[in-house]
Each structure stands twice: as C-alpha cells, then as structure tokens.
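Chain by chain, the residues run as shown.
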Amino acid sequence: FLKKTEIKEPEIHSSLQSKILFHHLLYTYHTINNDSKKGSQYLNELIELLEANPNRIKDDPSSYSTALNNLVGFHLFQKNYEKALPIFEKVKSIPEKYGLKQESKFTIKLKLRSYNIELEIYRDMKNWAKGIELIQEVSAFLESNEKHIPDIYLLLLWYQFAYIYFMTNDYSNSLKWVNEILNRKFETDRTDLQSYGRLLNLMIHFELGNSFVLKYSVDNTRRWLTKKKEILPFEQVLLKFFSKISNAPKSEFKILFGQLYEDLFGGEKPLISENELDYLDFKGWIQKKIRKSSK
C-alpha cells in the first residue's frame, strides 16, 4: 500500500514531471484514506501547476482533463453543484484554449462526458430550464458530429433528454428521444438504461392517454426484457400495472396507483433502490398521480 512517508516532496528545482507526480500521488493517498479535504487541496494545486504550464496541457491534455473531472467528482460527492458547474466550462474550453483538433477522438469524448455529467447535475438540482437549454446545445453537437459519437454516449444523452422533457411535462419531446433509443440497436452492456427507457416509454404513453399504444408497448417491453435479461421484481410489478391501467376507466386510477405504490414501496425493503430512482423517479411520479386522482 501507498504510504505518505514514501512520497517525498520534490526539490524546488525538480522537473515539472516530478512535481506533477508528487501532487497526483498525494491526491490519491488522501482520497484512498478518506481525507477528501486534503485530497482536494492537492488536486487543486495540481490543476494550478498544469495551468501554469500550458505547453504541458497541449502535449498531454488528458492529464489536465482527468484532474478537472476528478475535482468535479469531489464537488458532486459533496453535492456542491455551484462549484462543480464552472469547472465544466474549463473542461469544455480545453480544445479551443489549447489549440487542439476539434474533431479528434479525445476532444469529442471530452465534450460528451462533460455534457452527460452536466445534464445529470441539472437533473439532480431539478433545474429543468437549464437542462433544456443545454439539450439544445448538446443535440446540435451530436448532429454535427454524428459519425464520431460512440453508441454509449448516444444512449446516455438521449435518455437524459427524454427524462428532462418528461419532468417538464413535455411528453411529445420526451417521446421523440425515447423513440430514438427504441429504434436503435445498441451494442452495449447498458441494458439497465435501455430498460429505464422502455419503462419511461410506458409512462409517457399513459400521460398522453394512448391506451391502445400503451397496451401494445407493455407486451413489447416484456418481450425485450425477457430476451435481454432476467426481469426484476419491480419491473414485473410495473408491467402488470401498466397492463391493467391501459384497460381501466379513470375512476379506477387512484386505486391502481395506490396499489402500485404499496407493491413497490410498502414493504420493509422497497423493490426499487435509491440508485434506480435516481435514473427514473417512479416514487415521485406515482405520488403525483395519486394526488391528482384525489382532486
């Protein structure tokens, strides 16, 4: 294991590389030992050191972007979104500021990763207006670099778009992006995200009052889930619910949503974890529907 006593501070005239390595090791050491305050101190010093040597960033931009992204991760863990957001502007400006090729694999991946995390921040903050504003920029970027976008980023970003629009009750735009996911055959391991996209699709069709399409989509979703993986207990409950409500009169909605809430969250251990709710807030949606049905 790494020991602090083994990490010697470089001499004042030591090379830039040794100073970079020193700060990187101390950041890693304190992070491993759960001293986030000290870790962030050395990480900030590392970023300052790199920014004082722009030629080094030109030669190795990945080290600089990694350091910035690590600092973003630190602020996100602290839920300090206001400090995280300006760092994204630094990350996104790297290609232009340091004269890098705009269409290289590195610069495209750099922007894609930043866009995805920035959208997650707006989602966590429930700052839907900022999220939608950013969607315009991101979708234009995806369109202009269509041939160079890895499938995994298309899936991540299209899902973010669909979810943010859903949360603003813009179901038509939400459906537009969900359909992009459904109509593309993704060769990726993120079957979880594809599953959320299909469940979100059911929620959208319910909101749009598309009873016939909803019933058809439930069958399609069940077939897809059965083919791709084992259907999870909460997915079984949701499929059964959407199948029932697609044929039910509005007078029964309150009872059906109440039973759904009980089935998913009424036991000692909820069927849906907090991590899963981060991707798709079934709990908040069901509670909203119960309140609406009570009016």
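Remember, it's a predicted structure, so these values are computed and weren't measured experimentally. (Residues numbered from 1 in each chain as written. Predicted model: local features only at pLDDT ≥ 70, side-chain atom pairs only at ≥ 80, totals over all residues. Heavy atoms only, no water.)

Draft legend 1. Up close: the nonpolar core. Judged by nonpolar contacts, the single largest core of 92 residues is most densely connected at Phe242 and Phe282. Once you skip the residues sitting within four places of it in the chain, Phe282 turns out to touch Leu199, Met203, Phe234, Leu238, Ile272 and Leu277. (Core = buried A, V, L, I, M, F, W, Y, C linked by side-chain atoms within 4.5 Å. Buried < 20%, exposed > 50% of the residue type's maximum accessible area, 1.4 Å probe, protein only. Contact = heavy atoms within 4.5 Å.)

Draft legend 2. View of the pattern of salt bridges. As enumerated under the stated definition, the model contains eight salt bridges in all. One salt bridge connects Asp151 with Arg184, and the closest N-O pair in it is separated by 3.0 Å. Remark: Arg184 occurs in the loop between helix 9 (171-182) and helix 10 (191-207) and Asp151 occurs in helix 8 (residues 151-167); sequence separation between them is 33 residues. When its relative accessible area of 23% is taken as the criterion, Asp151 is described as partly exposed. Note on Arg184: relative accessible area 36%, which makes it partly exposed. The residue Arg190 makes a salt bridge to Asp192 at a minimum N-O spacing of 2.8 Å. (Salt bridge = Lys/Arg side-chain N within 4 Å of Asp/Glu carboxyl O. Helix = DSSP H or I, 4+ residues; strand = E, 2+ residues; numbered from the N terminus.)

Draft legend 3. Structural context of a positive patch on the surface. On the surface, Lys250, Lys288, Arg291 and Lys292 cluster together into a positively charged patch. On the basis of relative accessible area, Lys288 is assigned to the partly exposed category, the value being 35%. (Patch = residues over 30% accessible without salt bridge, like charges linked within 9 Å, V, L, I, M, F, W, Y side chains within 5 Å. Areas by Shrake-Rupley, 256 points an atom, 1.4 Å probe, with all protein chains shown as cover. Lys, Arg positive; Asp, Glu negative; His and termini not counted. Charge placed at Lys NZ, Arg CZ, Asp CG, Glu CD.)

Draft legend 4. Highlighting the environment of Ala67. If you trace the backbone, Ala67 turns up in helix 4 (residues 61-77). Between the C-alpha atom of Ala67 and that of Leu50, which follows or precedes it by 17 residues, the distance is 9.5 Å. Among all residues touching Ala67, those that are not within four sequence positions of it are Leu43, Leu46 and Ile47.

Draft legend 5. Spatial organisation of the packing of helix 6 (residues 105-125) against helix 8. In the contact formed by helix 6 and helix 8, the axes pass within 10 Å of each other and the chain directions differ by 25°. Classed by the angle they form, the pair helix 6 and helix 8 counts as roughly parallel. As for the relative orientation of helix 6 and helix 8, their crossing is left-handed in sense. Residues Lys109, Leu112, Arg113, Tyr115, Asn116, Leu119, Glu120 and Arg123 of helix 6 pack against Tyr153, Leu156, Leu157, Gln160, Phe161, Tyr163 and Ile164 of helix 8. (Axes fitted to C-alpha atoms, helices over the stretch in contact; angles between N-to-C directions. Parallel < 35°, antiparallel > 145°, perpendicular 65-115°, else oblique. Left-handed = near helix turned anticlockwise from the far one by under 90°.)

Draft legend 6. Expanded view of the side chain of Glu118. Relative to the helices and strands, Glu118 resides in helix 6. Glu118 sits in the buried class, given a relative accessible area of 3%.

Draft legend 7. Examining the packing of aromatic side chains more closely. All chains considered together, the criterion is met by 18 aromatic pairs. Relative to Tyr98, the ring of Tyr64 lies with its centre 5.9 Å away and its plane at 75°, an arrangement referred to as edge-to-face. Highlighted residues: Tyr64 in helix 4 and Tyr98 in the loop between helix 5 (81-97) and helix 6, separated in sequence by 34 residues. Given a relative accessible area of 2%, Tyr64 falls into the buried group. Classification of Tyr98 as buried rests on a relative accessible area of 5%. Taken together, a centroid distance of 6.0 Å and an interplanar angle of 55° make the contact between Phe234 and Phe282 tilted. With Phe234 in helix 12 (residues 233-245) and Phe282 in helix 15 (residues 282-294), this pair connects stretches of sequence that are 48 residues apart. An identical accessibility class is assigned to Phe234 and Phe282; each is buried. Every member of this aromatic cluster is reached through a ring pair, and the members are Phe206, Phe241, Phe242, Phe253, Phe257 and Trp285. One Lys or Arg, Arg198, reaches over the ring of Trp224 and ends 4.0 Å from the middle of that ring. (Phe/Tyr/Trp six-rings, centres within 6.5 Å; stacked < 30°, edge-to-face > 60°. Lys NZ or Arg CZ within 6 Å of the ring centre and 35° of its normal.)

In short, shape yes, function no, at least from these values alone.
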